[in-house]
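# Reading the structure
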Amino acid sequence: RPLPGGACASLREPNAASMPSLYIETFGCQMNEADSDYIADRATSAGYTVASAAEEANVIVLNTCTVRDNAERRAYGRMNHLKALKTYDPHVRLVVTGCLAEQDRSVMRRHAPHVDAIFGTRELRQLGDQLAAWALEDGRFATDDARDNILPFAIGGSPDAIADDFSHLRAFVTVQRGCSYYCTFCIVPQVRGRFDHRPMHQIVDEAQARISLGARELMLVGQTVNAWRDPVRNADFGDLCRTVGQLEGLERLTYISPHPKDFTEKILDDLAQITQLNPRFHLPLQSASDTVLRRMNRKYTIAEFHRVTEAIRQ
């Protein structure tokens, strides 16, 4: 992830050898990408630079996903892949966070004993505190050019969400964590908890800060984002989007992931008034069979889904 202004820093840069360096790999959804943004912000505040490769970093963070079996296998594979760096330089620290860390906390030590720390989805603040503590404990950090060829080629290609110089132009702003809908197939309530809605003023303040750091597109992120409600003012998702849309400097507003049952006529009317809104609706449909939708506990019928899509067109 680039630093504010778009520059990527690493231990390879002149005069950076005394600073700790952090590398983050993100697997899974935009919620994880938003969490990685938070981790990077905490790290840079503690004096870290953000490396563009694992070989350049003193601390490596894997932000993991557990929605699909393939994501779990890739995360464990990457943990074992990075063991080569730990073997070469025991001072390198490997941290695992995200949904897989929440789900597999009790067994991850057995599967990957070289991992230094595990933080669940509700422990990002503690992760940031630990990064700051390591920076103070370790003092000066050395650069080792010999690390360049330590990692063997990773089968399966490059990992997800490795930021580039343009990544700062789009910022993720978390509006809500967890989900209370308990769809039959979904693990989110177990690994991220029930609905926890952030107050509107916190969201707007963060959105303004992201724009000040160069963001031109904001993506509002939540597991069921259009179910958001302000816990104090009881404002709804339409009110939130209209408020964020009025921020100076914002060129595009997007959001993910909505639930079909939570698009009300009032919310759609609010969205229609936002000129910066990306003219595309993401509306998940798992099945066109009412029987299957009921077994999935999706809380809408195909007829209700069609009513929402027609209201969107109108």
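Parameters and conventions
Residues numbered from 1 in each chain as written. Predicted model: local features only at pLDDT ≥ 70, side-chain atom pairs only at ≥ 80, totals over all residues. Heavy atoms only, no water. Salt bridge = Lys/Arg side-chain N within 4 Å of Asp/Glu carboxyl O. Helix = DSSP H or I, 4+ residues; strand = E, 2+ residues; numbered from the N terminus. Buried < 20%, exposed > 50% of the residue type's maximum accessible area, 1.4 Å probe, protein only. Pairing = 2+ DSSP bridges. Contact = heavy atoms within 4.5 Å. Axes fitted to C-alpha atoms, helices over the stretch in contact; angles between N-to-C directions. Phe/Tyr/Trp six-rings, centres within 6.5 Å; stacked < 30°, edge-to-face > 60°. Lys, Arg positive; Asp, Glu negative; His and termini not counted. Polar contact = N/O pair within 3.5 Å; in protein donor to acceptor, adjacent residues only side chain to side chain. Expected span 1.5 Å × (residues − 1). Core = buried A, V, L, I, M, F, W, Y, C linked by side-chain atoms within 4.5 Å.

## Some details on the pattern of salt bridges
Enumeration over the complete set of coordinates arrives at 20 salt bridges. Across the pair Glu-206 and Arg-198 runs a salt bridge, and its minimum N-O distance is 2.7 Å. Of the charged contacts in the structure, one is a salt bridge between Glu-251 and Arg-216, with a shortest N-O distance of 3.9 Å. With a gap of 35 residues between them, Glu-251 in the loop between helix 9 (237–245) and strand 10 (252–256) and Arg-216 in the loop between helix 8 (200–212) and strand 9 (217–221) connect regions that are remote in the sequence. For Glu-251, a relative accessible area of 56% gives the class exposed. Linked through salt bridges whose partners overlap, the residues forming this network are Asp-236, Asp-239, Arg-242, Lys-266 and Asp-270.

## With respect to the sheet that holds strand 2 (residues 49–50)
Ordered by their spatial adjacency, five strands build an open sheet running 2-1-3-4-5, and the pairing between neighbours is parallel. Both edges of this open sheet fall to strand 2 and strand 5 (117–118), since each of them pairs with a single strand only. As judged from the six bridges shared by strand 3 (residues 59–64) and strand 4 (residues 93–98), these two strands associate in the parallel manner. Note on strand 4: the bridge partner recorded for Asn-63 is Thr-97. Contacts between helix 1 (residues 30–45) and the sheet are confined to strand 1 (21–26), strand 2, strand 3 and strand 4, with strand 1 contributing the most and set at about 175 degrees to the helix.

## Considering the packing of aromatic side chains
To describe a pair of aromatic rings, you give the distance between the ring centres and the angle between the ring planes. All told, the structure shown has five aromatic pairs when counted by the stated rule. Measuring from centroid to centroid gives 6.5 Å for Tyr-255 and Phe-281, while their planes differ by 80 degrees, and the two rings are edge-to-face. With a gap of 26 residues between them, Tyr-255 in strand 10 and Phe-281 in the loop between helix 10 (265–272) and helix 11 (290–296) connect regions that are remote in the sequence. When the centroid spacing of 5.6 Å and the interplanar angle of 65 degrees are considered together, the rings of Phe-263 and Phe-281 count as edge-to-face. Of the two residues, Phe-263 sits in the loop between strand 10 and helix 10 while Phe-281 sits in the loop between helix 10 and helix 11, which places them 18 residues apart along the sequence. For Phe-263, a relative accessible area of 7% gives the class buried. The rings of Phe-237, Tyr-255, Phe-263 and Phe-281 are connected pair by pair, giving a single aromatic cluster.

## A look at the side chain of Glu-72
Within the secondary structure layout, Glu-72 lies in helix 2 (residues 69–81). The side chain of Glu-72 sits in the buried core without any salt bridge; Arg-73 is the nearest counter-charge, 7.8 Å away. For Glu-72, the side chain forms a polar contact with the side chain of Thr-66, separated by 2.5 Å. Residue contacts for Glu-72: discarding those within four places in its chain leaves Cys-65, Thr-66, Leu-100 and Gln-103.

## Comments concerning helix 1
Under the 1.5 Å per step criterion, the end-to-end length of helix 1 is 23 Å for 16 residues, consistent within 8% with the ideal 22 Å. All buried positions along helix 1 are accounted for by Met-31, Asn-32, Ala-34, Asp-35, Ser-36, Asp-37, Ile-39, Ala-40 and Ala-43. Phi turns positive, to about 105 degrees, at Gly-47, one or two residues after helix 1.

## Structural notes on the nonpolar core
Ranked by internal contacts, the top residues of the largest apolar core, which has 34 residues, are Leu-218, Leu-220, Phe-237, Leu-240, Val-244, Leu-253 and Leu-271. Of all the elements in the fold, those that place two or more residues in this core are strand 6 (170–174), helix 8, strand 9, helix 9, strand 10, helix 10 and helix 12 (302–313). Considering every element that reaches this core, the biggest residue donor is helix 8, with five residues. Setting aside residues no more than four positions away along its own chain, Leu-220 makes contact with Val-173, Val-175, Val-225, Phe-237, Leu-240, Cys-241, Leu-253, Thr-254, Tyr-255 and Ile-256. Core analysis: the next-biggest nonpolar cluster, separate from the first, contains 21 residues, Phe-27, Ala-54, Ala-57 and Met-79 among them.

## Here we look at the pairing of strand 3
Within strand 3, six of the six residues are buried, which leaves the element mostly enclosed by the surrounding structure. Of the two faces of strand 3, the one lined by Val-59, Val-61 and Asn-63 and the one lined by Ile-60, Leu-62 and Thr-64 are each fully buried. Bridge count for strand 1 against strand 3 is five bridges, and the pairing is parallel. Note that in strand 3 the partner of Thr-26 across the bridge is Asn-63.

## A short note on the sheet that holds strand 9
If you trace the three strands from one edge of the open sheet to the other, you get 6-9-10, paired in parallel fashion. Looking at strand neighbours, the two that pair on one side only are strand 6 and strand 10, the edges of this open sheet. Direction aside, neighbouring strands of the sheet carry axes that sit 25 degrees apart on average. Where strand 9 meets strand 10, five bridges bridge the pair, whose relative direction is parallel. Counted as the bridge partner of Met-219 is Thr-254 from strand 10. Where helix 1 meets the sheet, it contacts strand 6, strand 9 and strand 10, and its direction lies at approximately 100 degrees from that of strand 6.

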